[in-house]
Every structure is written in C-alpha cells, then in structure tokens.
Amino acid sequence: MDYPTLQNTQINSVPFVFIDNKTVSYPVAPLVSAKFYEVNGVKTLKIRVTLYIDSNVTTNPRVETPTENGNQLELYFDYDYTEEIPTSCNVWYVELDYTSATVANIETVVSYLKDLDPETSRATKTTP
C-alpha cells in the first residue's frame with residue numbers, strides 16, 4: 001500500500017536535461033528537506049522531496065510506508081528504472097507528513113529512490 005502524500009506531482013512541462021549526463025550517477029539521489037512542526041498539538045515531520053526520474057517513465061513514483069530504525073526514518077520512492085542512462089528526466093515533487101508516537105526521536109531521514117526491477121537505489125541522508 002502506498003503511503004499518503006500531500007502532493008506527488010511532475011513539476012516540469014519539458015523534460016529536464018543534465019548538461020553532461022555522463023557525469024551524473026543514475027538513479028539520481030533524492031533531494032530532501034525535513035522539518036518538525038505541530039498540527040493541533042501533534043508533533044509532525046514535514047518531508048519535501050525532489051526526484052529526477054527518466055522522462056520515459058510517466059507514472060508517479062510510489063511512496064512506501066516510512067519505517068523508523070532507531071533514530072532514523074527511512075523512506076523509499078519506487079519507480080521502474082531502465083538500466084540505460086536516460087537522455088532526459090522528469091522532475092517530481094513529493095510532499096508528505098509523518099507522525100508516530102516516537103517521531104520526536106527522529107534525528108535523520110534517509111530517502112531512497114528505488115528501482116522496482118531489478119532492485120537498485122540511490123540514497124540521501126537529511127537531518128530535520
């Protein structure tokens with residue numbers, strides 16, 4: 001089951017092209033920001049992510065349910081990645097709120113852009 005998002009949207013209208021795509025590691029690691037705030041007295045972690053995904057992939061990336069591993073929150077964004085280096089990418093903006101009984105203990109958010117088949121991924125570590 002996909003984790004509920006506030007937004008999961010392609011934000012470019014024309015495919016994005018890296019100037020020298022041979023120097024970019026694919027899949028491109030997510031760009032992530034995380035910040036605590038309160039909603040009706042409940043501590044919540046706001047997570048905003050930008051994903052660069054091959055422009056031939058037109059379906060929204062899936063967001064798996066986040067998992068806490070000690071003081072670390074792990075997020076996986078799934079998509080179908082071809083093993084070829086893409087010539088262009090679509091840029092996806094994903095925003096979600098995360099809360100739990102132990103959300104205040106989270107010190108690090110690790111986000112993975114994960115290929116579904118075969119499984120490969122790139123990660124980014126962020127502190128709220």
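Calculation criteria
- Residues numbered from 1 in each chain as written.
- Predicted model: local features only at pLDDT ≥ 70, side-chain atom pairs only at ≥ 80, totals over all residues.
- Heavy atoms only, no water.
- Helix = DSSP H or I, 4+ residues; strand = E, 2+ residues; numbered from the N terminus.
- Rg over C-alpha atoms; globule rule 2.2 N^0.38 Å.
- Buried < 20%, exposed > 50% of the residue type's maximum accessible area, 1.4 Å probe, protein only.
- Contact = heavy atoms within 4.5 Å.
- Pairing = 2+ DSSP bridges.
- Salt bridge = Lys/Arg side-chain N within 4 Å of Asp/Glu carboxyl O.
- Core = buried A, V, L, I, M, F, W, Y, C linked by side-chain atoms within 4.5 Å.

## Details of the overall build of the chain
A tally of regular secondary structure across the chain gives zero helices and nine strands. Taken from N to C terminus, the helices and strands of the chain fall in the order β-β-β-β-β-β-β-β-β. Relative to the compact-globule value of 14 Å for 128 residues, the chain shows a C-alpha radius of gyration of 15 Å, a close match. Counting only C-alpha atoms and orienting by the principal axes, one finds that the chain spans roughly 45 × 30 × 30 Å. Relative to its 128 residues, the chain shows a buried fraction of 46%. A separation threshold of at least 6 residues defines the contact pool for the chain, and within that pool the share at least 24 residues apart is 74%.

## Focus on the pairing of strand S2 (residues 31-39)
The pairing of S2 with strand S3 (residues 42-54) spans nine bridges and is classified as antiparallel. Each bridged residue has a counterpart across the sheet, and for Lys-35 the counterpart in S3 is Lys-46. A loop of two residues connects S2 with S3, the two strands running antiparallel in sequence, and Asn-40 in this loop sits at a positive phi of about 50°.

## Thoughts on the environment of Val-14
Positionally, Val-14 belongs in the loop between strand S1 (7-10) and S2. Distance in space between the C-alpha atoms of Val-14 and Val-32 is 22 Å, their sequence separation being 18 residues.

## Some remarks on the pattern of salt bridges
In the structure shown here, the tally under the stated rule is seven salt bridges. For Asp-97, the salt bridge identified is with Lys-46, shortest N-O distance 3.1 Å. A residue pair is termed long-range when its members are at least 10 positions apart, and Asp-97 in strand S7 (residues 89-98) and Lys-46 in strand S3 qualify at 51 residues. Across the pair Lys-114 and Glu-64 runs a salt bridge whose closest N-O atoms are separated by 2.6 Å. Here Glu-64 lies in the loop between strand S4 (62-63) and strand S5 (67-69) and Lys-114 lies in strand S8 (residues 108-115), a separation of 50 residues in the sequence. A cluster of three or more residues bridged by salt bridges with shared partners is formed by Asp-2, Arg-62, Glu-64, Asp-78 and Lys-114.

## Observations concerning the nonpolar core
Core analysis: the biggest nonpolar cluster contains 30 residues, and Leu-45, Ile-47, Leu-51, Phe-77, Leu-96 and Tyr-98 have the highest contact counts within it. Among the elements of the structure, S2, S3, strand S6 (72-79), S7 and S8 are those that each provide at least two residues to this core. What Tyr-98 contacts, discounting residues up to four positions off in sequence, is Tyr-3, Thr-44, Leu-45, Ile-47, Pro-66, Glu-68, Leu-73, Val-103 and Ile-106.

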